[in-house]
Amino acid sequence: MAKQTSFLGLLVFGFLCFICLPVEAALKKYQFDVKLSNVSRLCNAKQMVTVNGGFPGPTIYAREGDRVQINVTNYVQYNLSIHWHGLKQYRNGWADGPAYITQCPIQTGNSYVYDFNVTGQRGTLWWHAHILWLRATVYGAIVIMPQQGTPFPFPQPDREEVLVLGEWWNADVEAVEKQGNTLGIPPNMSDAHTINGKPGPLFPCSEKHTFAMEVEKGKTYLLRIINAALNDELFFALANHTFAVVEIDAVYTKPFSTEAILIAPGQTTNVLVRANQVPGRYFMAARAFMDAPISVDNKTATAIFQYKGIPETELPKLPTLPAQNDSDFALSYNSKLKSLNTPKYPANVPLNVDRHLLFTVGLGINPCPTCLNGTRLTASLNNISFIMPQTALLQSHYFNIKGVYTPDFPDKPPTPFNFTGAPLTANLRTNVGTRISKIAFNSTVEIVVQDTNLLSVESHPFHLHGYNFFVVGTGIGNFDPKKDPAKYNLIDPIERNTVGVPTGGWTAIRFRADNPGVWFFHCHLELHTGWGLKTAFLVEDGPGSDHNVLPPPKDLPTC
């Protein structure tokens with residue numbers, strides 16, 4: 001009997017040891033063929049750049065801790081690169097993807113393997129082309145599940161659905177961008193917004209170009225929502241249903257209920273929705289938010305939330321979206337976003353700041369004799385319009401190639417003025433150059449991004465590559481360095497990778513510069529990025545080889 005008990009004890013001990021062993025990380029491999037495909041929308045057919053023929057492209061699935069390898073082969077006439085938006089790529093900027101920042105683009109007929117680990121992240125991110133306007137059609141979702149045995153910190157949904165919001169042009173998008181650049185004016189806006197590549201039945205020839213998801217009464221669904229639009233912040237709502245926001249930019253949030261969400265280009269939002277209404281057909285809808293006197297594509301894209309057993313002949317109900325210029329909703333919604341801040345998911349906000357930066361966002365007009373009005377619209381940070389180099393910045397830094405950039409981007413605007421006062425329409429000529437900021441390893445950084453009324457105020461979503469940051473404060477008007485920091489949230493501010501700077505206002509973010517390399521910082525409105533609203537941070541290597549940039553892969557593209 002004693003022997004039996006001992007044997008059973010060994011079995012139990014062995015089983016417990018087995019289940020306590022760490023789960024071995026998996027290797028996930030994908031093949032991305034970038035090619036021209038024939039696509040029809042809005043009664044128009046055209047050839048456009050896709051990945052594996054899809055619009056959107058394939059979803060990448062991984063678990064926290066996995067290694068991912070994606071072989072990208074370029075079969076189109078454009079040189080291109082792909083960015084894995086929101087993945088931190090620790091020490092591994094070679095896998096980040098922005099052309100001429102961390103790599104030269106993949107030339108026609110060539111391939112490049114993006115090889116990276118998913119470390120300390122779980123949730124919804126996305127990928128997209130990062131050159132020209134190719135991300136109008138070259139994009140897709142990234143779904144990172146928690147490690148095996150780790151539940152969500154919110155009620156387990158019965159099912160999940162990825163919803164990627166985008167834009168559609170009837171014309172060739174690259175031709176549209178080229179025409180705008182030639183004339184020195186904004187290119188033509190999109191002809192429709194889309195949900196999973198489909199505009200919905202409010203547009204002509206779109207009955208078959210409508211995304212629908214079937215649901216069952218009483219069940220709960222997790223919607224993974226991504227804004228892949230080039231130039232539009234979007235409201236999104238579902239008729240007669242309420243969302244519980246549980247995650248943004250792959251960071252868990254304190255859940256809160258809302259009738260609609262606001263999501264800027266580059267951002268992701270996960271919501272729970274319970275199918276608790278009278279069984280029927282309900283529209284999910286997306287429409288632009290713009291609270292400045294600037295034209296946008298204001299047409300509404302729709303998809304259908306359809307209860308099981310309801311015939312398709314029943315007309316769906318439309319949600320009531322906020323008004324296009326509802327800045328009160330936008331400010332209120334963003335103020336509700338808080339980090340979960342639990343022992344398992346802490347908010348490690350830097351409380352002391354080593355480096356204070358103030359970046360002013362400005363539009364400008366520079367001379368252009370060949371342009372339509374003899375001038376060209378530009379955009380700048382601290383009065384500098386960034387010029388893309390011909391050699392990738394990370395390569396020039398790693399291999400010590402001289403003459404590619406200067407590490408002297410100013411910490412504050414060269415000429416202070418009443419940033420959000422009366423429109424300033426004189427002396428708008430900006431400086432141009434490839435100037436970046438050098439940041440000491442492991443230092444703490446605060447950036448206040450300040451909108452200005454140069455030509456016009458406007459909201460701007462800013463994305464920082466290689467990092468998440470904490471949004472510690474935001475406000476309308478001019479940032480006051482004496483009064484505003486006292487109102488910062490340093491307890492549970494939201495952590496994300498892309499943040500909106502409100503129209504005529506400012507946003508303050510903080511992060512610890514613990515990821516060495518060269519990391520892009522730019523407005524995620526593609527129009528403004530192309531005009532020069534961007535810069536980069538050179539985060540220096542730290543002590544010891546495990547805090548240095550990794551060696552580049554052998555197949556790194558050359559310029």
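Residues numbered from 1 in each chain as written. Predicted model: local features only at pLDDT ≥ 70, side-chain atom pairs only at ≥ 80, totals over all residues. Heavy atoms only, no water.

### Here we look at the sheet that holds strand E26 (residues 460-464)
As summarised here, the arrangement of the five strands in space is E24-E32-E31-E26-E29, forming an open sheet in which the pairing is mixed. A strand with exactly one partner marks an edge of an open sheet, and here the two such strands are strand E24 (437-439) and strand E29 (498-501). Each adjacent strand pair in this sheet contributes to an overall mean axis angle of 20°, direction not counted. Bridging between E24 and strand E32 (residues 534-539) involves three bridges; their strand directions are parallel. Paired with lysine 438 across the two strands is leucine 538, which belongs to E32. (Pairing = 2+ DSSP bridges. Helix = DSSP H or I, 4+ residues; strand = E, 2+ residues; numbered from the N terminus. Axes fitted to C-alpha atoms, helices over the stretch in contact; angles between N-to-C directions.)

### Some thoughts on the UniProt feature "domain: Plastocyanin-like" (unreviewed entry) in the protein
Per the UniProt annotation, the sites labelled "domain: Plastocyanin-like" (unreviewed entry) are residues 34-148, 161-309 and 408-541. As annotated, residues 34-148 has a helix share of 0% and a strand share of 46%, and its two end C-alpha atoms lie 33 Å apart. (UniProt positions renumbered as here; feature names shortened; annotations may be inferred.)

### What to know about the packing of aromatic side chains
Two measures describe an aromatic ring pair: the distance that separates the ring centres and the angle between the ring planes. Taken as a whole and judged by the stated rule, the model has 32 aromatic pairs. When the centroid spacing of 6.1 Å and the interplanar angle of 10° are considered together, the rings of phenylalanine 329 and tyrosine 333 count as stacked. Here phenylalanine 329 pairs with tyrosine 333, and both are found in helix H3 (residues 327-335), just four residues apart, close to one helical turn. You'll find phenylalanine 329 and tyrosine 333 in the same group, each marked buried. Here the aromatic cluster, defined as three or more aromatic residues joined through ring pairs, consists of Phe359, Phe409, Phe462, Tyr467, Phe511, Trp519, Phe521 and Phe537. Directly above the aromatic system of tyrosine 282 lies the positively charged group of lysine 317, at a separation of 5.1 Å from the ring centroid. (Phe/Tyr/Trp six-rings, centres within 6.5 Å; stacked < 30°, edge-to-face > 60°. Buried < 20%, exposed > 50% of the residue type's maximum accessible area, 1.4 Å probe, protein only. Lys NZ or Arg CZ within 6 Å of the ring centre and 35° of its normal.)

### Topic: unusual backbone geometry
Cis geometry is found at the peptide bond from phenylalanine 55 to proline 56, where omega equals 0°. By the element assignment, proline 56 lies in the loop between strand E2 (44-51) and strand E3 (60-63). In this model, aspartate 249 sits at a positive phi of 50°, which is unusual for a non-glycine residue. Note that aspartate 249 resides in the loop between strand E14 (243-248) and strand E15 (251-258). We classify aspartate 249 as buried; its relative accessible area is 0%.

### Quick look at the layout of surface pockets
A volume near 1,200 Å³ is recorded for the largest pocket. As for the largest pocket, its lining consists of 50 residues, and the residues nearest its centre are Lys88, Thr119, Gly120, Gln121 and Glu495. (1 Å grid on protein atoms, 1.4 Å probe; cavity = no way out; pocket = protein on both sides within 12 Å on 5 of 7 lines; lining within 4 Å. Points joined across faces, edges and corners; volume = space filled by probe spheres on them.)

### A few points about the pairing of strand E7 (residues 123-129)
Extensive coverage of E7 is indicated by the burial of seven of its seven residues. When strand E5 (residues 82-85) meets E7, the two strands line up antiparallel, connected through four bridges. Residue pairing in the sheet places histidine 83 in a bridge with histidine 128 of E7. Of the strand pairs in this sheet, E7 and strand E8 (residues 139-145) are connected by six bridges, and their pairing is antiparallel. Its bridge partner being in E8, histidine 128 is matched across the sheet by tyrosine 139.

### Regarding H3
Taken together, the buried positions of H3 are occupied by Phe329, Ala330 and Tyr333. Each buried residue of H3 sits inside an arc of 100° when the element is viewed along its axis, so together they form one side. Lining the buried residues of H3 we find strand E13 (233-238), E14, E15, strand E16 (260-263), strand E17 (268-274) and strand E18 (281-289). (Arc of directions from axis to C-beta. Contact = heavy atoms within 4.5 Å.)

### Some details on the state of the cysteines
Per the counting criterion, the structure on display carries three disulfides. Between the sulfur of cysteine 43 and that of cysteine 205 lies a disulfide, 2.0 Å long from S to S. Its S-S torsion of approximately 95° makes the covalent link between cysteine 43 and cysteine 205 right-handed. You can see cysteine 43 sitting in the loop between strand E1 (27-41) and E2 and its partner cysteine 205 sitting in the loop between strand E10 (192-195) and strand E11 (212-215), a full 162 residues away along the chain. For cysteine 43, a relative accessible area of 48% gives the class partly exposed. Through a disulfide, cysteine 104 is tied to cysteine 559; the S-S separation comes to 1.8 Å. Where cysteine 104 bonds to cysteine 559 through sulfur, the torsion about that S-S bond is close to -95°, and the disulfide is left-handed. (Disulfide = S-S within 2.5 Å.)

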